[in-house]
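The lines below spell out each chain.
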Amino acid sequence: MSGTAHGDERTFAALPPVRGRGFAATWWGRAWLKALEDTALDGEQLRLGRRLARGGAVGAVSVRPGRITAVVRDRDGTAHRGDVLLRELDAGEWDRLLGTVADRAGHIAALLDRDMPPHLVEDAAAAGVELLPGIGDLEPECDCGGWDHCGHTAALCYQLAQLLDQDPFVLLLLRGRQERELLDELQARSAAGAAAARRLAAAPGDAEARGDAEAAAGVPAAEVFAAGDVLPLPPPPPLPGQPGTPPLFASDAEPPAGLDVAALEFLAADTAVRAYRMLAEALTDGHELQGMPEDLTVHQDAARLAAAGPQPRITARLATGTDRSGPELALAARAWECGGPASLAVLEEEWTPASGALARARAALAAAWDEENRPRLRARANRWTVTDGPAQLRLGCDGRWWPYRRERGHWVPAGPPGADPASVLGPLLGGDWAGVE
């Protein structure tokens, strides 16, 4: 629903009859109707207006600053011109309203989504600007001679509630400003705020610049990025050549009690590496189309940190914090190096695959070796162990096979996974086994 624009006027084609639903679904559309219903003195005229609007009796609706107009036909076909007037905001009110909206980029983003969040109206009211009409604000005029809201002006108001539902800029036009004019002014104010912030950064002692930048300070980043199609955003930063090096704790004084300096420095270095990888991923083409990765559990993150090879004291703290023994954490770290969370799950979880997956694996193994040389396997759940060799296959929930080797009485991860169990098993067996295609 866009309407046809001519100067300061927008004309909306007649809407079809309304059957089986209310005229307003949004809270601001219902607020518009409440202003009508709280103002009208004759309930019968309101009922007549609803019947006319539901029956499609309201023609094209013209919206311009301070006035809406439409031709409404009675049931006998008689046409009447109805008008409803609403006071335009004055220059001071528009200045305060625009300042309020420009200070919060989320307000701009909501309007562009054809939404009018309650806090936008509340912020405007706090600035002394009433956007939505109240009791007595909707003034009727009709050539039928009605002195209050007649059925024709009531029908026009019900019809406008539907238009407001679809586009809150209709209300702003009625209050005096067009959509394009509003967005241009908001962009200019946002740019001015950004320039003031840059001046403040260049001259932090400049009181005038500091005063100019007050409106630009403290805006949440999420709001700014939500309005990226209106506000000019800086280009993304270039990827550095390598992760940054965090500062080290260098002081002659003893660190505060309970502060593990080595652990803190290790975590800072790890954070720098992760930030570098996240930036590299964010700068790749198509990154915005990818889903967000799942957060790691404490159990998983401890394995990730242990795989980085920290000092033994830090590794011991990671083990204690996740109720693992030292060897258990070392095994988890080794699994993490082979394939992250998926590899860790294969190490720690045992489950029963579907019969179809097992049948396909048997067929693949049978095709890889002749019957005389084929390794004998003993299957239990998702783990297939070679009966006469220190090798094992484990099936992950994602359908990939993971190689395991027996070392010092324990099964340990032996490399990355593969879709074909024979190609994963061959290198584990060595000798003639390793040449299996």
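Residues numbered from 1 in each chain as written. Predicted model: local features only at pLDDT ≥ 70, side-chain atom pairs only at ≥ 80, totals over all residues. Heavy atoms only, no water.

**Here's the deal with helix α6 (residues 151–166)**
For step 1, the next point in the chain: Along its 16 residues, α6 runs 24 Å from first to last C-alpha, staying within 8% of the 22 Å computed at 1.5 Å per residue.
For step 2, the next point in the chain: Taken across its 16 residues, α6 has 15 buried, putting it largely inside the fold. (Helix = DSSP H or I, 4+ residues; strand = E, 2+ residues; numbered from the N terminus. Expected span 1.5 Å × (residues − 1). Buried < 20%, exposed > 50% of the residue type's maximum accessible area, 1.4 Å probe, protein only.)

**Thoughts on the sheet that holds strand β9 (residues 391–395)**
Strands pair in a sheet through their backbones, by hydrogen bonds, and they do so in one of two ways: parallel or antiparallel.
For step 1, the next point in the chain: Strand order in the open sheet formed by 5 strands is β7-β8-β9-β10-β11, and the pairing between neighbours is antiparallel. Whereas interior strands pair on both sides, the edge strands pair on one side only; in this sheet they are β7 (377–380) and β11 (410–413). For this sheet, the mean angle separating the axes of adjacent strands, direction not counted, is 30 degrees.
For step 2, the next point in the chain: With 4 bridges joining them, strand β10 (residues 401–407) and β11 adopt antiparallel strand pairing. Opposite Arg406, over in β11, you have Trp411 as the bridge partner.
For step 3, the next point in the chain: Here helix α14 (residues 326–348) sits on the sheet and contacts β8 (383–386), β9, β10 and β11; the angle it forms with β10, its principal contact strand, is near 125 degrees.
For step 4, the next point in the chain: Across the face of the sheet, helix α15 (residues 355–368) comes into contact with β7, β8, β9 and β10 while running at roughly 25 degrees to β8. (Pairing = 2+ DSSP bridges. Axes fitted to C-alpha atoms, helices over the stretch in contact; angles between N-to-C directions. Contact = heavy atoms within 4.5 Å.)

**Examining the packing of helix α11 (residues 261–282) against helix α13 (residues 312–321)**
For step 1, the next point in the chain: One way to put it is that α11 packs onto α13 with a least axis distance of 10 Å and a crossing angle of 80 degrees. The orientation of α11 with respect to α13, classified from their angle, is roughly perpendicular. Of α13, the residues touching α11 (which contributes Ala262, Ala263 and Phe266) are Arg313, Ile314 and Arg317.
For step 2, the next point in the chain: Residue classes in the contact of α11 with α13 are distributed as 4 nonpolar, no polar and 2 charged. (Parallel < 35°, antiparallel > 145°, perpendicular 65-115°, else oblique. Nonpolar A, V, L, I, M, F, W, Y, C, P; charged D, E, K, R; others polar.)

**Section: the nonpolar core**
For step 1, the next point in the chain: If you look at the biggest cluster of nonpolar residues, it comprises 40 residues, and the most contacted ones within it are Trp32, Val63 and Leu160.
For step 2, the next point in the chain: Elements represented by at least two residues in this core include exactly α1 (27–39), α2 (43–54), β3 (61–64), β4 (67–73), α6 and α7 (169–174).
For step 3, the next point in the chain: Per-element accounting of this core gives the leading share, 9 residues, to α6.
For step 4, the next point in the chain: In this structure, Leu160 is in contact with Trp32, Val61, Val63, Ile68, Val170 and Leu174, ignoring residues within four places of it in sequence.
For step 5, the next point in the chain: With 17 residues, the next largest nonpolar core counts Leu89, Leu111, Ala124 and Val129 among its residues. (Core = buried A, V, L, I, M, F, W, Y, C linked by side-chain atoms within 4.5 Å.)

**Observations concerning the confidence of the model for the protein**
For step 1, the next point in the chain: The pLDDT averaged across the protein works out to 83; a share of 85% of its residues lies at or above 70.
For step 2, the next point in the chain: Across the protein, the element-wise mean pLDDT spans from 50 in helix α9 (residues 207–212) up to 95 in β4. (pLDDT = per-residue confidence, 0-100.)

**Digging into the pattern of salt bridges**
For step 1, the next point in the chain: One pass over the full model with this rule turns up 21 salt bridges.
For step 2, the next point in the chain: Between Asp167 and Arg114 there is a salt bridge, and its shortest N-O distance comes to 3.2 Å. A residue pair is termed long-range when its members are at least 10 positions apart, and Asp167 in the loop between α6 and α7 and Arg114 in the loop between α4 (105–112) and α5 (118–126) qualify at 53 residues.
For step 3, the next point in the chain: Looking at Arg114, the relative accessible area reads 28%, which means it is partly exposed.
For step 4, the next point in the chain: Put simply, Arg114 and Glu179 hold a salt bridge, and the shortest N to O gap is 3.0 Å. Note that Arg114 is positioned in the loop between α4 and α5 and Glu179 in helix α8 (residues 179–202), a separation of 65 residues in sequence.
For step 5, the next point in the chain: When salt bridges that share partners are traced, they join Arg10, Arg114, Asp167 and Glu179 into one network. (Salt bridge = Lys/Arg side-chain N within 4 Å of Asp/Glu carboxyl O.)

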